[in-house]
Amino acid sequence: TVRNVYFERMTNEDKLVEELVKNALFRIDESTRMIQKSLTNISEEEFWQKPNDSLNSIGNLIVHLCGNITQYIISSLGETEDLRNRDLEFSSSKNGTKSEIFNTLEETVATAKRVIFDANQEQLLKIRSVQGFTFSGIGVIIHAVEHFSYHTGQIAFWVKQLKNKDLGFYDGIDLKIKNED
């Protein structure tokens, strides 16, 4: 096929970049799907409810994810100005509906995915300072994907705690299948 011929002509470095990008985008989509599925189970009130004073609401976590993804991927990797105000992500309360906040997440994710997809090897290897840390572009992607996944797990846990139910993230998939060589 055309794809196989193209893949055979790629350098090992190009193949590594393609594999990194493909897997980063898969994980970002997976977290977005899990958050969306979690949100279908809660009310507007529960969306902004805090488990206790030391934890954040689901709404604040999603606003925070938008800020982090924007700072790390869109601003740093995408080489645009960093306008993040991290404190506002946690101080805002009921600044939007569940649907509005999730739509903002989807828009942020779509932009971030485009930046990741379009990143060249120079951008991926460039060392930069983000939020006081020093990362390559690859490190920026790994951080953003891991951070997104981490807070997705918190959101899922809080929804499961509120509703006492399995969210069915992997319904229809047999997760007991053994690894193959």
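Up top you'll find the structure we're talking about.
Here's what I pulled together on the structure shown here. What you see is a predicted model; the values in this text were computed from it and never measured.

Here is what the cut-offs are and how they apply
Residues numbered from 1 in each chain as written. Predicted model: local features only at pLDDT ≥ 70, side-chain atom pairs only at ≥ 80, totals over all residues. Heavy atoms only, no water. Core = buried A, V, L, I, M, F, W, Y, C linked by side-chain atoms within 4.5 Å. Buried < 20%, exposed > 50% of the residue type's maximum accessible area, 1.4 Å probe, protein only. Helix = DSSP H or I, 4+ residues; strand = E, 2+ residues; numbered from the N terminus. Contact = heavy atoms within 4.5 Å. Axes fitted to C-alpha atoms, helices over the stretch in contact; angles between N-to-C directions. Parallel < 35°, antiparallel > 145°, perpendicular 65-115°, else oblique. Left-handed = near helix turned anticlockwise from the far one by under 90°. Nonpolar A, V, L, I, M, F, W, Y, C, P; charged D, E, K, R; others polar. Salt bridge = Lys/Arg side-chain N within 4 Å of Asp/Glu carboxyl O. Expected span 1.5 Å × (residues − 1). Polar contact = N/O pair within 3.5 Å; in protein donor to acceptor, adjacent residues only side chain to side chain. 1 Å grid on protein atoms, 1.4 Å probe; cavity = no way out; pocket = protein on both sides within 12 Å on 5 of 7 lines; lining within 4 Å. Points joined across faces, edges and corners; volume = space filled by probe spheres on them.

Right, let's get into the nonpolar core. Counting residues in each nonpolar core, the largest one holds 41 residues, and the members touching the most others are Ile35, Ile58, Ile62 and Leu105. Secondary structure elements with two or more residues in this core: helix H2 (12-39), helix H3 (44-48), helix H4 (58-77), helix H6 (98-118) and helix H8 (137-163). Ignoring sequence-local partners within four residues, the contact set of leucine 105 consists of Ile35, Ile62, Leu65, Cys66, Ile69 and Phe148.

Let's shift gears to the packing of H4 against H6. Between H4 and H6, the least distance of the axes is 9 Å, while the angle of their chain directions is 20°. In terms of their interaxial angle, H4 and H6 are classed as roughly parallel. Between H4 and H6 lies a crossing whose hand is left-handed. Taking contact as the criterion, the partners of Gly59, Ile62, Val63, Leu65, Cys66, Ile69, Thr70, Ile73, Ile74 and Leu77 in H4 are, on H6, Ile101, Thr104, Leu105, Thr108, Val109, Thr111, Ala112, Val115 and Ile116. Residue composition of the contact of H4 with H6, by class: 14 nonpolar, five polar and no charged.

Turning next to the pattern of salt bridges. Using the criterion set out here, one finds six salt bridges in the structure. Put simply, lysine 163 and glutamate 46 hold a salt bridge, and the shortest N to O gap is 3.0 Å. On the criterion of sequence distance, the pair formed by lysine 163 in helix H8 and glutamate 46 in helix H3 is long-range, its members being 117 residues apart. A relative accessible area of 32% places lysine 163 in the partly exposed class.

Looking now at the side chain of threonine 152. With respect to the helices and strands, the residue threonine 152 is situated in helix H8. Not counting the four nearest positions on each side in its chain, threonine 152 is found in contact with Ser31, Met34 and Ile35.

The end-to-end C-alpha separation of H8 is 39 Å, in line with the 39 Å expected for 27 residues at 1.5 Å each. Near the N-terminus of H8, the side chain that reaches the backbone nitrogen of isoleucine 138, with its oxygen 3.3 Å away, is that of serine 136. Just past H8, the residue asparagine 164 takes up positive phi, approximately 50°.

What follows covers H6. An α-helix turns once per 3.6 residues; consequently, residues spaced three or four apart project the same way. The terminal C-alpha atoms of H6, which comprises 21 residues, lie 30 Å apart, in line with the 30 Å expected from a rise of 1.5 Å per residue. Looking at the packing, one finds that the buried side of H6 touches H2, H3, H4 and H8.

Attention shifts here to empty space enclosed by the protein. Where empty space is left becomes clear once a probe the size of a water molecule has been rolled over the atoms. Throughout the structure, instances matching the rule amount to one cavity of 30 Å³ or more. Looking at the largest cavity, its volume works out to about 50 Å³. For the largest cavity, the full set of lining residues is Ile28, Ile69, Ile73, Val109, Ala112, Ile116, Ala144, Val145 and Phe148. Only H4, H6 and H8 provide two or more residues apiece to the lining of the largest cavity. Class assignment for the residues of the lining of the largest cavity results in nine nonpolar, no polar and no charged.

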